[in-house]
Structures are given as C-alpha cells and as structure tokens.
Amino acid sequence: MSVDLAQVIRPGDGIVCGQACAEPQALLEALVAQRAAFSGATLFLGINYSGIVRPEHADHLRLTAYCGAGHNRALADAGILEIHPHPYSRLGALIRSRAIRADVVLVQVSPPNARGEHSLGLAAEYIVPALETCRAIVAEVNDQVPWTHCDRMLMAEDFALSVRTSRPPAPLPYGAPGARERAIARHA
C-alpha cells in the first residue's frame, strides 16, 4: 500500500480518525511513517485499539483523545496524550464548533454497494460530524469491513485519497471476558 498523505495533510492540520474497530490501520501506519512531512498536525484518536500510534510519534504529531483507554494508556503514561475533559456526548458539537479540529478525516469504509455507496462500516459516531466539517477525506476501503446502514454514506468522489486493503479490523485489546466480566454482564 502506497499513499502520500502529504498531498492532503498540511503541517498544523487537525486530523480525526476512526476509533476502536473502525481504525483505518493502513492509513495510521502511513501517517506515523510520514509524520515529519506535516509536523505540528494534531491527531484525534478516539480510543486506540490497534496500538499503531505510539509515544515516539509525538515527535511530530500532537496526540489527543477523549480517554486514556486501550493503547491510549501508554500515550497518557508517557505524558504526550492530551485528554479532552468533555463527556463523550459532546464530541460531535466540539467537532462542529472546531474546538476539535477535523481538517482531514482518516476513515475505514466498506467496499461500495451496488449504488457505489461506501458505508462507515463499524463505527460512525463522531466521524459523521467530522465529515461535515473537514476539508478532505482519506479512505481506507477494507474488503473485510461490513457494509452497514449509517447516517452518512460516502462515494468514491468524496475521497481526496483512497487505498484498498484487506485486513481484519482492529481487535479489542483485552481478549475474552473473564469470570468477573461475565458476572457483571449477568447483572447488567
């Protein structure tokens, strides 16, 4: 996979990427490899399941998230993750007001359906408001991402750049639930 993100991302840009199982892993790998080309950019991670973004990547990227869970814990422990002190329910409004900047959105999408529509697949939440405010969308079209109905469909012409991949979505980093988690689930 070869993609030159500097065609789209500028130094100082705000970058928002899909989170958890919706992380665009190939795009994040390219982002951290090419980070010197857009030094000073801010990356909003959400929750980081893949572990691709690591503390050493803060040499050129400013890293932000709404929590310190998943692999964000290592970033927070290293003192290089800015955690937004806002409830999750406010993320959309913060993105729309540009308090969280979304100049470029990195998103993992499904292959297109018969109408040519790409779905956001595994997660849409704060990505939908980011798509409303961004200058550019960079898509990872992953043939292992299911097509799902969501608030916002994307067409190939919506993408400033796109790459095709075939890889499993980022897994939940905690493994199978243990006895304690199953007991909590029985009571929930």
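Q: Explain the overall build of the protein to me, please; I cannot follow it from the model alone.
A: Per the secondary structure count, the protein includes five helices and seven strands. When the helices and strands of the protein are read in sequence order from the N terminus, they spell out β-α-β-β-α-β-α-β-α-β-β-α. Expected size for 188 residues packed as a compact globule is a radius of gyration near 16 Å; at 16 Å, the protein falls within 12% of this value. Along the first, second and third principal axes, the C-alpha set of the protein runs to 50 × 45 × 30 Å. In the protein, buried positions account for 48% of the 188 residues. Here the contacts in the protein between residues at least 6 apart in sequence split such that 67% fall between residues at least 24 apart. Accessible surface for the protein amounts to roughly 8800 Å². Of this, 52% is attributable to carbon and sulfur atoms. One finds the centroid of the 17 positive side-chain charges in the protein at a distance of 5 Å from the centroid of its 18 negative side-chain charges.

Q: What am I meant to see in unusual backbone geometry here?
A: Of all residues except glycine, most have a negative phi; of all peptide bonds, most are trans. Even without being a glycine, Ala20 presents a positive backbone phi close to 55 degrees. Along the chain, Ala20 turns up in the loop between strand E1 (14–17) and helix H1 (25–33). Accessibility expressed as a relative area gives 14% for Ala20, which makes it buried. With a phi angle near 70 degrees, Arg98 is a residue other than glycine that sits in the positive phi range. Checked against the element boundaries, Arg98 lands in the loop between helix H3 (91–96) and strand E5 (104–109).

Q: Would you take a moment to explain the side chain of His84 for this structure?
A: As for its position among the elements, His84 is in the loop between strand E4 (81–83) and H3. Look past the residues within four positions of His84 in its chain and what remains in contact with it is Phe44, Thr64, Ala65, Tyr66 and Ile100.

About the cut-offs
Residues numbered from 1 in each chain as written. Predicted model: local features only at pLDDT ≥ 70, side-chain atom pairs only at ≥ 80, totals over all residues. Heavy atoms only, no water. Helix = DSSP H or I, 4+ residues; strand = E, 2+ residues; numbered from the N terminus. Rg over C-alpha atoms; globule rule 2.2 N^0.38 Å. Buried < 20%, exposed > 50% of the residue type's maximum accessible area, 1.4 Å probe, protein only. Contact = heavy atoms within 4.5 Å. Areas by Shrake-Rupley, 256 points an atom, 1.4 Å probe, with all protein chains shown as cover. Lys, Arg positive; Asp, Glu negative; His and termini not counted. Charge placed at Lys NZ, Arg CZ, Asp CG, Glu CD.

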